[in-house]
Amino acid sequence: MAGMIDRRGFLKISAALAAGSAAGFSCVEVARAAPLAIPAVDSLSLRVLIDSAHDQFLKPSTVQGVLHQPPGNGRGADYRKVLHNQWGLSLFAESKAGEDARTILLDFGYSPEALLNNIEILKVDPTKVDALIVSHGHHDHYGGLTGFLDRYRDALSPDLKLYAGGEDNFCHRLSPSGVQGQFTDFGQLDRRELAARRIATVLCEAPTVVAGHAFTTGPIQRNSIERILPNTFVERGIKDGLGCDAGHYSPAELQGKIIPDEHVHEHATCFNVKGKGLVVISSCGHVGIVNSVRQAQAVSGIEKVHAIVGGFHLGPAPKEYLTQVVAEIGALKPDVVIPMHCSGLNFALEAQAQMPDHVIVPTTGSRLTFGA
């Protein structure tokens, strides 16, 4: 049944919740005996605050009912200021259900300088934000968060929460150095800094409704042909209050060994748009974009996929594997596929070849509108 977790999963989560409570972090209920009550929205707008490129010559278009409004020249009131692009992703999601409006900030790019600059130029209103979501524990998705809070925290809701996929988001990440057995630091999300900025952390280790309009997938089941392509390594454990609780990981992880990153708690953010279907946002999709969409379908009970959006981490994919994955995406019959960030030019070209009437390629500053 959608929303259910097995006994082993429940014990793991219970350990994490106990650790979180001891540290003063808040968590949502995670063991559910019934399917999640999925909200529906009339419309959804996604503003791309940060992506890796900006194309001022893009023209407005409508593909399968989805409106893409490009950013134009990307300059601010001061012509010397222009949109910043970087390796990372940040999305400003505004949804409406009747007269009820919600705003969610999903991921925060690599640096606060880029995020704050683009917020100013694009004239989005950060004080409207009802919830924050971080997709996974990579710096290019949380790097701008504390700087954003330093600038805007006092103007935001006093009970603003950050929804993270789970304990794994706070682990120490490392990158291969090119020398066997040697690594370079890739940082870690620090809950102490969040607590100092009066942000409660919600560990969504099961599907969770966010701000009454969106829902997260919870841990993503891995049952497609997809595999995790090489990326970072991870180190479990807490040192001086920094890191992730290793109490429910493997013996090797408990020993503090550096191991390939499996992104245990990466999650996707989803909206159910009335009359259209699911909009599934996979910020990086390390665990597989097909897996992510199937998980969204399973936890929501909704089969129709309106849009698959975000980073799919297929830039490093071998050609044969990429062709297979794009075919699997096509089998899901989405109305539109909208690649960003780490999806790769190779993915965009292959998707356009296999699904020529169903692809939108946005850039930093683009606005995508779904529904009414």
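Residues numbered from 1 in each chain as written. Predicted model: local features only at pLDDT ≥ 70, side-chain atom pairs only at ≥ 80, totals over all residues. Heavy atoms only, no water.

By the naming in an unreviewed UniProt entry, the protein chain goes by MBL fold metallo-hydrolase and is assigned to Methylorubrum zatmanii.

Draft legend 1. Focus on the overall build of the protein chain. Counting its regular elements, the protein chain contains nine helices and 21 strands. A total of 372 residues make up the protein chain; the buried ones form 55% of that total. Sequence-distant contacts, at least 24 apart, represent 78% of the contacts inside the protein chain between residues at least 6 apart. Surface accessibility of the protein chain: about 15100 Å² in total, with carbon and sulfur atoms responsible for 53%. (Helix = DSSP H or I, 4+ residues; strand = E, 2+ residues; numbered from the N terminus. Buried < 20%, exposed > 50% of the residue type's maximum accessible area, 1.4 Å probe, protein only. Contact = heavy atoms within 4.5 Å. Areas by Shrake-Rupley, 256 points an atom, 1.4 Å probe, with all protein chains shown as cover.)

Draft legend 2. Here's a closer look at the pairing of strand E21 (residues 367-371). Of the strand pairs in this sheet, strand E1 (residues 43-50) and E21 are connected by five bridges, and their pairing is antiparallel. From the neighbouring strand, Ser 45 faces E21, where its bridge partner is Thr 369. Note that strand E3 (residues 66-69) and E21 share three bridges and pair antiparallel. Along E21, the bridge assignment pairs Gln 69 with Arg 367. (Pairing = 2+ DSSP bridges.)

Draft legend 3. Quick peek at the packing of helix H7 (residues 289-300) against helix H8 (residues 319-331). Remark: H7 packs on H8, axes separated minimally by 9 Å, with the N-to-C direction vectors making an angle of 20 degrees. The pairing of H7 with H8 is recorded here as roughly parallel in orientation. Relative to H8, H7 is oriented so that their crossing is left-handed. Contacts between H7 and H8 pair Ile 289, Val 290 and Arg 294 from the former with Val 325, Glu 328 and Ile 329 from the latter. Per-class residue counts for the contact of H7 with H8 are four nonpolar, no polar and two charged. (Axes fitted to C-alpha atoms, helices over the stretch in contact; angles between N-to-C directions. Parallel < 35°, antiparallel > 145°, perpendicular 65-115°, else oblique. Left-handed = near helix turned anticlockwise from the far one by under 90°. Nonpolar A, V, L, I, M, F, W, Y, C, P; charged D, E, K, R; others polar.)

Draft legend 4. Geometry of the environment of Ala 327. By secondary structure assignment, the location of Ala 327 is in helix H8. By relative accessible area, which is 38% here, Ala 327 ends up partly exposed. Between the alpha carbons of Ala 327 and Glu 350 there is a distance of 9.4 Å; along the sequence they are 23 residues apart.

Draft legend 5. How the structure looks around the packing of H8 against helix H9 (residues 345-354). At a closest axis distance of 10 Å, the pairing of H8 and H9 adopts a crossing angle of 50 degrees. By the criterion of interaxial angle, the relationship of H8 to H9 is oblique. Taken as a pair, H8 and H9 cross one another with a handedness that is right-handed. The segment H8 lies against H9, with Lys 319, Leu 322, Thr 323, Val 326, Ala 327 and Ile 329 engaging Asn 346, Phe 347, Glu 350, Ala 351 and Gln 354. Considered class by class, the residues forming the contact of H8 with H9 number six nonpolar, three polar and two charged.

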